[in-house]
Amino acid sequence: MNDQKVKGEEFLQKAQRRLSGWSLFSNKNEDAADLFDKAANSFKLAKSWAEAGGAYAKLAECHLKLDSKHEAANAYAEAGHNYKKIDTEVAVNCLKEAVELFKEIGRLSMCARYCKEIAEIYEQKQYLELANEQYALAADYFEMEGVSTTANQCKTKMAEFSAHMKEYPRAIEIYEGIARYSVNNNLLKYGVRGHLLNAGICQLCLGDIVAINNALEKYQELDPTFSGTREYKLLVDLAVALDEEDVAKFTDAVKEYDSTTKLVNLNIPCQPYSIVGCDFV
C-alpha cells in the first residue's frame, strides 16, 4: 500500500511539473492528465482517498482545458466517489460538478444517476430537505430519459420525506401521482394500494374528515379494486375513529391491520396514530 502511495505522489509531482512547463511538441494538459490519472489510480490502490479524490479533481481540470467535458465529468464523479469515503461535503460538490457538465453535453441519464447518488448521501446524513431537492432533480432527469420506474422510486422518497417534514399536501400529491402512473402498469399496479394507503394516512394527519372521505371516493375511482383491500378498510376505520375521537377504535384498527401486514413494511411516512392521542406505533 505504501509503495502505491509513493508512486501516486511521484506521478502527482510529475503532473504538476508538466503543467508549469512548456513544450513545442506536445500538449502539457494532455501529458498532465495522463499523469494525474496514474496518480489517482495509485492513490486508490493505497486507499488514500483524499489524495485520490484530489488527483481526479486535477484530472477534471485538465480535461476542461482540453474542452473534453465528458471526460471531465467522469473525473469529477470519480473524485466524488473517493471523497465520499472521508468527506461527504466535498464528495457532493464534486458530484454536482459532474452533473452540471453532463447536463451541458446532454447526458441526462448520468445527471439522473448522480443526482440520485447525492440525494442518498444527504439522506444518510438526515438532511431531508436537501435530499428531497436532489431526488426531485433525479426524478425529472429519469423521466426525461423514459426511466419512469426509477423516477417513481425517487418520488416515493420525496413523498416520504415530505411527510416526515409534515408537508402533507405535497406528500399526498406525490403519492397519488405515483398511484395514477402505476395503476395501468402490470409490473407496478400491485403497489398502488400501498401508495394510496400512504396518501390516505397523510390525509388523516391533516385531520379534515370531509377531505378524507372525498379522497377515499377518488381512490376508488382511480382503482376500482381498492375498495376491496385491507388498506381501504383501514383508512375507513381510521377515518371513523378520528371523526368520533375514539382512541380505542383507532388503536384496534391499526392493531388489526398490523397483525397481518406490518405498517412499517409499507414505508408509512408519518405517525398518524398520534393525531387522536394514540400512543400505538
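Given the structure is predicted, the values throughout are model-derived calculations rather than measurements. (Residues numbered from 1 in each chain as written. Predicted model: local features only at pLDDT ≥ 70, side-chain atom pairs only at ≥ 80, totals over all residues. Heavy atoms only, no water.)

Let us now look at the overall build of the protein chain. When you go through the protein chain residue by residue, the secondary structure sums to 13 helices and 0 strands. The secondary structure elements of the protein chain, listed N-terminal to C-terminal, are α-α-α-α-α-α-α-α-α-α-α-α-α. In terms of overall dimensions, the protein chain is more spread out than a globule: its C-alpha atoms have a radius of gyration of 25 Å, far above the 19 Å expected for 281 residues. Expressed as lengths along the three principal axes of its C-alpha atoms, the size of the protein chain is roughly 85 × 35 × 25 Å. In the protein chain, which comprises 281 residues, the share counted as buried stands at 44%. Carbon and sulfur atoms provide 48% of the accessible area of the protein chain, an area that totals close to 14500 Å². Looking at charge distribution, the protein chain has the averaged site of its 33 positive side-chain charges lying 8 Å from that of its 43 negative ones. (Helix = DSSP H or I, 4+ residues; strand = E, 2+ residues; numbered from the N terminus. Rg over C-alpha atoms; globule rule 2.2 N^0.38 Å. Buried < 20%, exposed > 50% of the residue type's maximum accessible area, 1.4 Å probe, protein only. Areas by Shrake-Rupley, 256 points an atom, 1.4 Å probe, with all protein chains shown as cover. Lys, Arg positive; Asp, Glu negative; His and termini not counted. Charge placed at Lys NZ, Arg CZ, Asp CG, Glu CD.)

Contact geometry of helix H12 (residues 230–244) with helix H13 (residues 247–258) gives a least axis separation of 8 Å together with a crossing angle of 165 degrees. Judged by the angle between their axes, H12 and H13 are roughly antiparallel. Judged by the sense of rotation from one axis to the other, the crossing of H12 with H13 is left-handed. Two secondary-structure elements touch here, H12 through Arg230, Glu231, Lys233, Leu234, Asp237, Leu238, Val240, Ala241, Leu242 and Glu244 and H13 through Lys249, Phe250, Ala253, Val254, Glu256 and Tyr257. When the residues that make up the contact of H12 with H13 are grouped by side-chain class, the tally is 9 nonpolar, no polar and 7 charged. (Axes fitted to C-alpha atoms, helices over the stretch in contact; angles between N-to-C directions. Parallel < 35°, antiparallel > 145°, perpendicular 65-115°, else oblique. Left-handed = near helix turned anticlockwise from the far one by under 90°. Contact = heavy atoms within 4.5 Å. Nonpolar A, V, L, I, M, F, W, Y, C, P; charged D, E, K, R; others polar.)

In this structure, alanine 215 sits in helix H11 (residues 209–222). The class of alanine 215 is buried, set by a relative accessible area of 5%. Note: C-alpha distance between alanine 215 and isoleucine 172 (43 residues apart in sequence) is 10.0 Å.

Attention shifts here to the packing of H11 against H12. As a packed pair, H11 and H12 sit with axes 10 Å apart at the nearest point and diverge in direction by 165 degrees. If you check the angle between H11 and H12, you find them roughly antiparallel. For the element pair H11 and H12, the recorded crossing hand is left-handed. Together, Ile209, Ile212, Leu216 and Gln220 of H11 and Tyr232, Leu235, Val236, Ala239, Leu242 and Asp243 of H12 make up the contact between the two elements. Residues that form the contact of H11 with H12 fall into these classes: 8 nonpolar, 1 polar and 1 charged.

By the definition in use, this model includes 5 aromatic pairs. Seen from their ring centres, phenylalanine 102 and tyrosine 114 are 6.0 Å apart, and the 15 degrees between their planes marks the pair as stacked. One end of the pair, phenylalanine 102, is in helix H5 (residues 88–104); the other, tyrosine 114, is in helix H6 (residues 108–124), and 12 residues separate them in sequence. Measuring from ring centre to ring centre gives 6.3 Å for tyrosine 122 and tyrosine 127, while their planes differ by 50 degrees; the resulting arrangement is tilted. On the basis of relative accessibility, which here comes to 11%, the residue tyrosine 122 falls in the buried class. The aromatic ring of tryptophan 49 is capped on one face by lysine 85, whose charged end is 4.8 Å from the ring centroid. (Phe/Tyr/Trp six-rings, centres within 6.5 Å; stacked < 30°, edge-to-face > 60°. Lys NZ or Arg CZ within 6 Å of the ring centre and 35° of its normal.)

Before going further, it helps to examine unusual backbone geometry. Positive phi, close to 65 degrees, is recorded for glutamine 126, a residue that is not glycine. Turning to its location among the elements, glutamine 126 is positioned in the loop between H6 and helix H7 (128–144). Phi at glutamate 245 is positive, roughly 55 degrees, even though this residue is not glycine. By the element assignment, glutamate 245 lies in the loop between H12 and H13.

Attention shifts here to the pattern of salt bridges. Inspection of the entire model under this criterion finds 15 salt bridges. Glutamate 231 is the salt-bridge partner of arginine 193, the closest N and O atoms lying 3.7 Å from each other. Taken together, the residues arginine 193 in helix H10 (residues 192–206) and glutamate 231 in helix H12 connect sequence positions 38 residues apart. Owing to a relative accessible area of 5%, glutamate 231 belongs among the buried residues under this scheme. Between lysine 233 and aspartate 237 there is a salt bridge, with the nearest N and O atoms lying 2.8 Å from each other. (Salt bridge = Lys/Arg side-chain N within 4 Å of Asp/Glu carboxyl O.)

With 15 residues, helix H4 (residues 69–83) should reach 21 Å at 1.5 Å per residue; the first-to-last C-alpha distance of 21 Å fits that figure. Every buried residue belonging to H4 is among Ala72, Ala73, Ala75, Tyr76, Ala77, Ala79, Gly80, Asn82 and Tyr83, and all of these are buried. The inward-facing, buried residues of H4 contact helix H2 (28–45), helix H3 (49–65), H5 and H6. (Expected span 1.5 Å × (residues − 1).)

Moving on, we get to the state of the cysteines. As enumerated under the stated definition, the model contains 0 disulfides in all. Its sulfur unpaired, cysteine 94 is 15 Å from the next cysteine sulfur, which belongs to cysteine 115. Looking at cysteine 111, it has no disulfide partner, and the nearest cysteine sulfur is the one in cysteine 115, 6.4 Å off. With a relative accessible area of 0%, cysteine 111 lands in the buried category. (Disulfide = S-S within 2.5 Å.)

Helix length check: helix H8 (residues 148–164) (17 residues) gives 24 Å between terminal C-alpha atoms against 24 Å at 1.5 Å per residue, within 8%. Among all positions of H8, only Thr150, Ala151, Asn152, Cys154, Met158, Ala159, Glu160, Phe161, Ser162 and Ala163 are buried. Lysine 166 sits one or two positions beyond H8 and adopts a positive phi of about 65 degrees.

Note that all results are geometric; they support no functional claim without further evidence.
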